[in-house]
Amino acid sequence: MLDRRHLLVGLSALGATGSLPAWAVDDVGTVAVATGSVTGRRKGARRELAPGLPLYVGERLITGAASRLEAALGPATKLYMGANTRVEIDRYMVARGGDIRLLDGALALDREEPGQSQDTIITSPYALLAVRGTKLFAGPSNGVFGVFVFTGRVDVSNRAGRVTLTGGQGTNIATPGAAPTPPGEWKQPRIDAAWQSVT
C-alpha cells in the first residue's frame with residue numbers, strides 16, 4: 001500500500017511530465033542536481049530528470065555531453081555521474097547495499113553507512129566492484145578504466161584477477177577482460193581530474 005509520501009511523489013511526477021509514470025512505485029532515490037541533458041528510461045518510457053524528482057528500481061539514467069547528475073540514494077549515499085554516462089540501479093536498500101550497473105562513462109559513489117550489512121555491487125564491462133562504506137571513483141582516467149578509493153575498501157575483480165583497494169589506492173584496467181593492476185597511489189592531479197569528471 002502506498003503511503004502519503006509515495007502518493008505525493010507520484011503527483012509531483014505527474015505535474016512534471018503531464019502523466020503519471022507506469023513505474024511510480026519502488027523509488028530508490030531522488031535527483032539532487034541535473035545539468036545539461038539528463039534522462040531516465042524504464043519499460044519503454046523516457047523522461048527528463050530534474051532536481052527533486054524520484055528515481056526508480058530498474059531505471060536507466062543517461063547523461064549527455066557536458067552533463068552531470070547527482071542523486072541521493074537514501075539518507076547517506078550519493079551517486080555522481082559524469083558526461084556520456086549510462087547507469088542502471090537494479091536494487092538499492094538503505095543499510096543493506098544494492099546493485100548498480102555502470103554501462104558506459106564514469107561514476108562516483110559516496111556511501112557512508114557504517115552499519116550496512118551487505119556490499120553495494122557495481123558491475124561494469126571491465127570489472128565487478130564490491131563496495132563497503134566507501135567513497136570511490138570508477139571510469140575513464142588517463143586512457144584506461146580506473147578505480148580509485150578515497151575512503152573505505154573496494155574489491156575489484158574479473159576473470160583475469162582481483163585486487164583490494166583501500167583509502168588512497170587505485171587500479172587500472174587497460175581493456176575489458178584485462179587484469180586489474182596491483183593497488184597503487186594516484187597523483188593528486190589525476191585524483192582531481194577524476195573527481196571533476198563526475199561533479
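Note that residues are indexed from 1 along each chain, following the sequence as it is written. Local features are withheld for residues below a pLDDT of 70 in this predicted model, meaning they are given only at 70 or higher, and side-chain atom pairs are given and counted only at 80 or more; totals for whole chains, interfaces and linings count all residues. Where side-chain values are given, they derive from all heavy atoms of the structure, hydrogens and water being excluded.

A.B. asks: Before we move on, could you go through the overall build of the protein chain and cite the residues and values that matter?
C.D. replies: Helix and strand content of the protein chain: two helices and 16 strands. Working note: accessible area of the protein chain is about 9,200 Å², and carbon and sulfur atoms make up 55% of it. Going along the chain from the N terminus, every DSSP run of H or I of four or more residues is numbered as a helix, and every run of E of two or more is numbered as a strand. In short, Shrake-Rupley with a 1.4 Å probe defines the accessible areas, and a residue's cover is counted only from the protein chains shown.

A.B. asks: Quick rundown of the environment of Thr199? Include the residues and the values.
C.D. replies: Its place among the elements puts Thr199 in the segment after helix 2 (188-196). The definition of a polar contact used here is a pair of N or O atoms within 3.5 Å, where within protein one atom must be able to donate a hydrogen and the other to accept one, and adjacent residues in sequence count solely through side-chain atom pairs. There is a polar contact of 2.9 Å between the side chain of Thr199 and the backbone oxygen of Trp195.

A.B. asks: Before we move on, can you summarise the confidence of the model for the protein chain with the specific residues and values?
C.D. replies: What pLDDT expresses is the predictor's confidence in each residue, scored from 0 to 100. Summing up the model confidence of the protein chain, the mean pLDDT is 85 and the portion of residues at 70 or higher is 81%. The contact criterion used throughout is that any non-hydrogen atoms of two residues lie within 4.5 Å. Confidence over residues 1-24 falls short of pLDDT 50; this stretch has 19 contacts with residues more than four positions distant or in other chains.

A.B. asks: So what about unusual backbone geometry? Which residues, and what values?
C.D. replies: One non-glycine residue, Lys43, lies in the positive phi region at around 55°. Position of Lys43 relative to the elements: it lies in the loop between strand 2 (38-42) and strand 3 (45-48). Even without being a glycine, Asn142 presents a positive backbone phi close to 55°. Relative to the helices and strands, Asn142 resides in the loop between strand 12 (128-141) and strand 13 (144-158). Buried means the residue's accessible area, taken with a 1.4 Å probe over protein chains only, is under 20% of the maximum for its type, while exposed means over 50%, and partly exposed covers the values in between. Among the residues examined, Asn142 registers a relative accessible area of 62% and is labelled exposed.

A.B. asks: I'd like a description of helix 2, backed by residues and values.
C.D. replies: Among the residues making up helix 2, those that are buried are Arg190, Ile191 and Ala194. One side of helix 2 holds all its buried residues, which, seen down the axis, span an arc of 100°. Residues of helix 2 that are exposed and angled more than 90 degrees away from the buried face: Pro189 and Gln196. Close packing links the buried residues of helix 2 with strand 12, strand 13 and strand 15 (169-173). Read the arc as the range of directions from the helix axis to the C-beta atoms.

A.B. asks: How would you sum up the pattern of salt bridges? Please name residues and give values.
C.D. replies: Oppositely charged side chains can form a pair if their charged atoms are brought close together. For salt bridges, the criterion is a side-chain nitrogen of Lys or Arg within 4 Å of an Asp or Glu carboxyl oxygen. One pass over the structure, following the stated rule, counts nine salt bridges. For Arg47, the salt bridge goes to Glu59, with nearest N and O atoms at 2.8 Å. Pair noted here: Arg47 is in strand 3 and Glu59 is in the loop between strand 4 (54-56) and strand 5 (60-63), with a separation of twelve residues, a long-range link. For the pair shown, Arg47 and Glu59 are each scored as buried. The salt bridge partner of Arg101 is Glu88, with a shortest N-O separation of 2.5 Å. Remark: Glu88 occurs in strand 8 (residues 86-93) and Arg101 occurs in strand 9 (residues 97-104); sequence separation between them is 13 residues. The exposure class assigned to Glu88 is buried, which follows from its relative accessible area of 10%. Each member of the salt-bridge network shares a partner with another, and the members are Arg60, Glu88, Asp90 and Arg101.

A.B. asks: Could you give me a rundown of the environment of Arg42, with the residues and numbers involved?
C.D. replies: Along the polypeptide, Arg42 turns up in strand 2. For Arg42, a relative accessible area of 13% translates into the label buried. Distance in space between the C-alpha atoms of Arg42 and Glu59 is 4.8 Å, their sequence separation being 17 residues.

A.B. asks: Before we move on, can you summarise the packing of aromatic side chains with the specific residues and values?
C.D. replies: Only Phe, Tyr and Trp rings take part, Trp by its six-membered ring, and two of them pair if their centres are within 6.5 Å. Stacked means planes under 30 degrees apart, edge-to-face means over 60, and tilted covers everything else. Evaluation of the coordinates by the stated rule reveals five aromatic pairs. Members of the aromatic cluster, joined through ring pairs, are Tyr80, Phe148, Phe150, Trp186 and Trp195. Distance and angle both matter: a charge sits over a ring if NZ of Lys or CZ of Arg is within 6 Å of the ring centre and within 35 degrees of the ring normal. Between Lys135 and the ring centre of Trp195, over which it is positioned, the NZ or CZ distance is 4.4 Å.

A.B. asks: Give a description of the pairing of strand 6 (residues 68-73) that names residues and reports values.
C.D. replies: The pairing criterion for strands is at least two bridges between them, as found by DSSP. For strand 1 (residues 27-35) and strand 6, the ladder comprises five bridges, and the chain directions are antiparallel. Among the inter-strand pairings, Val31 is bridged to a residue of strand 6, identified as Ala71. Here five bridges tie strand 6 to strand 7 (residues 77-81), and the two strands are oriented antiparallel to one another. Directly across from Leu73, in strand 7, lies its bridge partner Thr77. From the end of strand 6 to the start of strand 7, which pair antiparallel, there are three residues, and Gly74 there has a positive phi angle of about 75°.

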